[in-house]
Amino acid sequence: MGRAHAQAEHGAVDVIRGVVRFVDERSGTAPFLKKALRYVFPDNWSFLLGEVALYSFVILVGTGIYLTLFFEPSTASTYYTGTYAPLHGHEMSVAYRSAVDLSFKVRAGLLMRQTHHWAADVFIAAIVLHMLRIFFTGAFRKPRDLTYYIGVTMLLLALLEGYLGYSLVDDLLSGMGLAIGYSVAMSIPFFGANLAALIWGGPFPGKPEFWSRMFVAHVFLLPVLIGTLLALHLFLVAARHHTQFRESRRTTEKTVVGIPAFPGYAPRSLALFCSVAAVLFLLGGLVQINPIWLWGPYHISQGTNGAQPDWYLGWLIGALRLVPNFDVTIGNYTLIPNPFWGGALFPLIVFAILYLTPSLERRFTGEYGFHHLLDRPRDAAWRTALGAALFAWVFVIFLAGASDRVFVSFGVSYQAQIWVYRVLVFALPVAALVVTRRWCLALQESDRIHRRRELAEAEARGELPQAE
Amino acid sequence: MSGDREEGAQLNALKRWAIAAGVLLLGRKRRRPLVAEPERLVEAGQPDPRAEWLVLALLLGAACAAAGFIAVYSFNHLEHQTQYLGLALGLAFALLGAALGVIGKRLVDDEEHEEEYPLPRHPEAEEEIAQLVQESGDRFTRKRLLLAGGGTAVGALGAALVVPALSLGPFLDTDPFYETPWRRGRRLVDEAGKPFLLDEIETETFYTAYADRASKEELGSPLVVVRFEPSQLHLPSQRRDWAPGGVVAYSKICTHAGCAVALYRKPTFPPVEPGPALVCPCHYSTFDPTRGGNVIFGPAGRPLPQLPLYVDPSGALRARGNFSGPVGPSWWGVRMRKPSTGPST
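Report on the accompanying structure. Along each chain, the written sequence defines residue order, and numbers are assigned to residues from 1. The naming scheme follows written order: chains are lettered A onward, ligands numbered 1 onward. In keeping with the model being predicted, local features are shown solely for residues with a pLDDT of at least 70 and side-chain atom pairs are shown and tallied solely at 80 or more, while totals for entire chains, interfaces and linings include all residues. Hydrogen atoms and water are omitted, and side-chain values are computed over all heavy atoms in the structure.

## Some details on the overall build of chain B
Phase 1: Starting at the N terminus, helices and strands are each numbered in turn, a helix being any DSSP run of H or I of at least four residues and a strand any DSSP run of E of at least two. Helices and strands together make up the secondary structure of chain B, namely 5 helices and 14 strands.
Phase 2: Exposed residues in this analysis have more than 50% of their type's maximum accessible area, buried residues have under 20%, and partly exposed residues fall in between, with area computed by a 1.4 Å probe over protein chains only. Per-residue burial over chain B gives 39% buried out of 345 residues.
Phase 3: Whether two residues are in contact is decided by their heavy atoms: any pair within 4.5 Å suffices. In chain B, of all internal contacts separated by at least 6 residues, the share reaching a separation of at least 24 is 57%.
Phase 4: All accessibility values rest on the Shrake-Rupley procedure with a 1.4 Å probe; residue burial counts only the protein chains present in the view. If you sum the accessible surface of chain B, you get close to 20800 Å²; carbon and sulfur atoms cover 60% of it.

Shown next as structure tokens:
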């Protein structure tokens, strides 16, 4: 190493000192920063799911801002004269035309639009997987129940945000989705019609202002709300530190073991961000999603067979499909129209269960203590079995959402499918409960046998078993 | 007096400064060797030149891919431009990510450390906060009354701030939900505005019709029109004269979830499905057009509203009145009233 090299290194260190001093003198945060840099991250692949969601959100915000620079949220009527020949002369809304234009006319516009759409799908998938990890390892227990509630709320908002996003474009699928959303709002007992009148400004398809309302909700209100909750979520995670699996003697309820944020964890996490960005941009560039020019503009008198929304709405479509045909009426007075069951009550029940899980578990286990160590799913057989039942219930309804696709693509009778699903909706959760619980208990038993054998072998070798 | 005291204070201050300076100087002397040889915070490790070269190569690759993105962007009228853009940008991120991965795995300390979990709670601070709040309220003698008053004021103010939201829509007025553009004598027209003539309507197919001189984009306007042999029709007795020449018309908006009833199950559907039916593609609510639009499958809770028709002397189809029931998705009390003709039409 030459003298010049050493001097350059010294220069770099001086620059770092200078920056740190600048920040510290103006914010007084050096002690905090020092601690933050040494914050330890327990290492487990499943802990990355939340990070994937976070980084998808970053990509969503970035690509979303780009899209707002071109998209016009207007229902004003216009005739298409752009570069996509099959739509020439078609009557459509300015919103739809601008979405088609930003796909074909704006350079890199289609890349950004498709990446945005893929990022939304990945965002919600990552949240759901993250939530399953939290659920099945018992990470929602005190002191992280509040963190969990905020996470569930973000899932709720993300679903709404995604729905508004694909509704704004005003293609045929948007319109069909909005019509269904409107019907679910209308079906809410007692004040549904009033609520729909408020949101839409009148009967469907609503006043032009409805588009401004959706737009401001999609590009401002909900993102800001999600961003704020995200910040709070991360703050609470850091304030109580990460959970960890019982992996060695060092990992205890008192001591957390992991890689410090700096220098060990930071490059890994940034690498994960880059990987998420890479996958999303590759998908956005190479894999077509929501080709709105094929769906065409929405008109209330049009519909198409085998139409599927984004995956995260499949569970609601499925629920709407499975409910038998009845409205609750007294004589000729409609009390509860049909879409309420599948479109409103079903998600309400699922989210209520998710929100109540921490307190219900405390109630039934009598376990009010702090938990930093995670359960393996087998360790809490009842929780895992009940979670599996809930998951099976939602998942089979999600599958039912695709029964029209199965009918159109494979010719399997739609009515037969619906009847099978109607049975499975009740049978599968029970089966999942029983099987999962047995499975957990069997795994616990095999753990015990394994431990006994190890002890016996140690004794046979003449070693004293170590104290736990 | 006061002068003396000031002098004393100044002396004290001087003394303190002197002590502080002494401590600082001594401390500096003693700490000097430490500055030269500080204790390491990050564990020392062996350099890994091969990993460094790998990182460099990956970073250069990322730079090339990013430059490629700019190049592809700059070419106008490039075929598959979106694909190349995505490929270049994705590759740039992937290579950068790989470089960071190598750094994390091979070039920096990634030993695991231990850290104590933070204290579960701070009982003293908690107690102090509670005490603070409690003692601050000592001077109030009518706490409950004041709390009630405060609650009332905040509640009323909150309500006042929420009320302007009612401007969003006609909150209490649900009459518009019952309105359609149809009334006696209104012609059925196609998308281009051409009237439907009875003689031109064929069986085995279905048509979409709209109310003449009304918006096509309101729920009450679009109809499905189907023609049967009169012997095939089994309409309720009071609707016997609603279908001239076997032509029936129903609202095209599904009574379940408001989608357009865009499928006609005849003859495209397999023969195992009985009879002709109108199907909504959203959730497959299935209606029987020969029996007044009754639901035969799927989730819809009430029949498709039927529009009574007659044929005028020129042979064109016209509405005999309004629908048999409200149009579109249902709401609380929807069946109570018959639809009315909208004020705008």
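## Thoughts on the overall build of chain A
Phase 1: Helix and strand counts for chain A stand at 16 helices and 6 strands.
Phase 2: Each principal axis of the C-alpha atoms in chain A carries an extent, and together these give about 80 × 65 × 40 Å.
Phase 3: Across the 468 residues that make up chain A, the buried fraction comes to 52%.
Phase 4: Pairs at least 24 apart in sequence give 77% of the contacts found in chain A among residues at least 6 apart.
Phase 5: About 22500 Å² of surface is accessible on chain A, with carbon and sulfur atoms providing 69% of the total.
Phase 6: Mean positive and mean negative side-chain charge positions of chain A (38 and 31 charges, respectively) differ by 4 Å. The convention is simple: Lys and Arg are positive, Asp and Glu are negative, and His and the chain ends are not counted. Charge positions are represented by NZ for Lys, CZ for Arg, CG for Asp and CD for Glu.

## Here we look at the packing of helix 12 (residues 314-322) of chain A against helix 14 (residues 381-400) of chain A
Residue and element names in this part refer to chain A.
Phase 1: Packing of helix 12 against helix 14 brings their axes to within 6 Å, and their N-to-C directions diverge by 75 degrees. When the interaxial angle is binned, helix 12 and helix 14 end up roughly perpendicular. For the pair helix 12 and helix 14, contact is made by G314, W315, G318, A319, R321 and L322 and by V394, I397, F398 and A400, respectively. Comment: axis = line fitted to C-alpha atoms, over the contacting stretch for helices; angle = value between 0 and 180 degrees taken between N-to-C directions. In this scheme, roughly parallel covers angles under 35 degrees and roughly antiparallel covers those over 145, while 65 to 115 is roughly perpendicular and the rest are oblique.

## A look at the sheet that holds strand 1 (residues 113-116) of chain B
Phase 1: Each pair of strands is called paired provided DSSP finds at least two bridges between the two strands. The 3 strands lie next to each other as 1(A)-4(A)-1(B), forming an open sheet whose pairing is antiparallel. Edge positions in the sheet fall to strand 1 (40-41) of chain A together with strand 1 of chain B, since each of these pairs with one other strand and no more.
Phase 2: Where strand 1 of chain A meets strand 4 (residues 255-260) of chain A, 2 bridges bridge the pair, whose relative direction is antiparallel. If you follow V40 of chain A over to strand 4 of chain A, its bridge partner there is P260 of chain A.

## What to know about the packing of aromatic side chains
Residues and elements named next belong to chain A.
Phase 1: Any two rings among Phe, Tyr and Trp, with Trp reduced to its six-membered ring, count as a pair given centres within 6.5 Å; such a pair is stacked if its planes are under 30 degrees apart, edge-to-face if over 60, and tilted if neither. Throughout the structure, instances matching the rule amount to 41 aromatic pairs over all chains.
Phase 2: Judged by centre distance (4.0 Å) and plane angle (10 degrees), the rings of F41 and Y265 are stacked. Taken together, the positions of F41 in strand 1 and Y265 in helix 10 (residues 261-286) put the pair 224 residues apart, joining distant regions of the chain. One exposure class covers both F41 and Y265, and it is buried.

## What about the interface of chain B and chain A?
Phase 1: Contact with chain B, which involves 86 residues of that partner, is made by 92 residues of chain A.
Phase 2: Throughout, the accessible surface (probe 1.4 Å) given up by two parts as they are put together, summed over both, is called the buried area. Considering only the side of chain B, the residues that lose the most area to chain A are E115, Y117 and W332 of chain B, jointly responsible for 12% of the buried surface there.
Phase 3: One speaks of a salt bridge when a side-chain nitrogen belonging to Lys or Arg is within 4 Å of a carboxyl oxygen belonging to Asp or Glu. Here chain B is connected to chain A by 2 salt bridges.
Phase 4: For the purposes of these results, a polar contact is taken to be a pair of N or O atoms within 3.5 Å, where, inside protein, one atom must be able to donate a hydrogen and its partner to accept one; residues adjacent in sequence count only when each atom of the pair is a side-chain atom. The tally of links between chain B and chain A comes to 25 residue pairs in polar contact (both at pLDDT 80 or more).
Phase 5: If you list the elements that add at least two residues to the side of chain B that touches chain A, you get helix 2 (49-74), helix 3 (81-107), strand 1, strand 4 (206-211) and strand 10 (294-297) of chain B.
Phase 6: Its residues placed into classes, the side of chain B that touches chain A shows 49 nonpolar, 21 polar and 16 charged.
Phase 7: Here 4 bridges tie strand 4 of chain A to strand 1 of chain B, and the two strands are oriented antiparallel to one another. Of the residues in strand 1 of chain B, the one forming a bridge with T255 of chain A is E116 of chain B. Lys, Arg, Asp and Glu make up the charged group, whereas Ala, Val, Leu, Ile, Met, Phe, Trp, Tyr, Cys and Pro make up the nonpolar group; the residues left over, Gly among them, are polar.

## Regarding a negative patch on the surface
Phase 1: Taken together, the side chains of E247 of chain A together with E43, E111 and E112 of chain B define an acidic patch exposed on the protein surface.
Phase 2: Here E111 of chain B lies in the loop between helix 3 and strand 1. Only residues whose relative accessible area exceeds 30% and that form no salt bridge are eligible for patches; like-charged ones are grouped when within 9 Å, while nonpolar side chains (Val, Leu, Ile, Met, Phe, Trp, Tyr) are grouped when within 5 Å.

## Side note on the state of the cysteines
Phase 1: In plain terms, two cysteine sulfur atoms within 2.5 Å form what is called a disulfide here. On inspection of all chains with the given rule, the structure shows 1 disulfide over all chains.
Phase 2: Covalently, C259 of chain B is tied to C282 of chain B through a disulfide, its sulfur atoms 2.1 Å apart. Between C259 of chain B and C282 of chain B, the S-S dihedral sits near -80 degrees, and the bridge is therefore left-handed. One end of the pair, C259 of chain B, is in the loop between strand 6 (247-251) and strand 7 (263-264); the other, C282 of chain B, is in the loop between strand 8 (278-279) and strand 9 (286-288), and 23 residues separate them in sequence. Accessibility classification places C259 of chain B together with C282 of chain B in one group, the buried group.
Phase 3: Free cysteine C274 of chain A: the closest other cysteine sulfur is in C64 of chain B, separated by 16 Å.
Phase 4: Take C274 of chain A: its relative accessible area is 4%, and that puts it in the buried class.

## Considering the pattern of salt bridges
Residues and elements named next belong to chain A.
Phase 1: Taken as a whole and judged by the stated rule, the model has 24 salt bridges over all chains.
Phase 2: R97 is the salt-bridge partner of D101, the closest N and O atoms lying 3.9 Å from each other. In this pair, D101 and R97 both sit in helix 4 (residues 94-104), 4 residues apart, roughly one turn of the helix.
Phase 3: In this structure R97 comes out as partly exposed when scored by relative accessible area, which is 23%.
Phase 4: Three or more residues are tied together by salt bridges with common partners; here these are R141, E361, D375 and R383.

## Some points on the environment of R321 of chain A
Phase 1: Considering the arrangement of structural elements, one finds R321 of chain A in helix 12.
Phase 2: Sequence separation between R321 of chain A and G343 of chain A is 22 residues, and the spatial gap between their C-alpha atoms is 9.8 Å.
Phase 3: In contact with R321 of chain A, other than residues within four places in its own chain, are Q308, A400, G401, S403, D404, Y414, I418 and R422 of chain A together with P281, C282, H283 and Y284 of chain B.
Phase 4: Among the polar contacts listed, one links the side chain of R321 of chain A to the side chain of Y414 of chain A, at a separation of 2.9 Å.

## Focus: the sheet that holds strand 8 of chain B
Phase 1: The strand order 7-8-9-10 (chain B) describes an open sheet built from 4 strands, whose pairing is antiparallel. Across the chains shown, the open sheet's two edge strands, defined by having one partner strand only, are strand 7 and strand 10 of chain B.

Taken by themselves, the reported measurements are silent on function.
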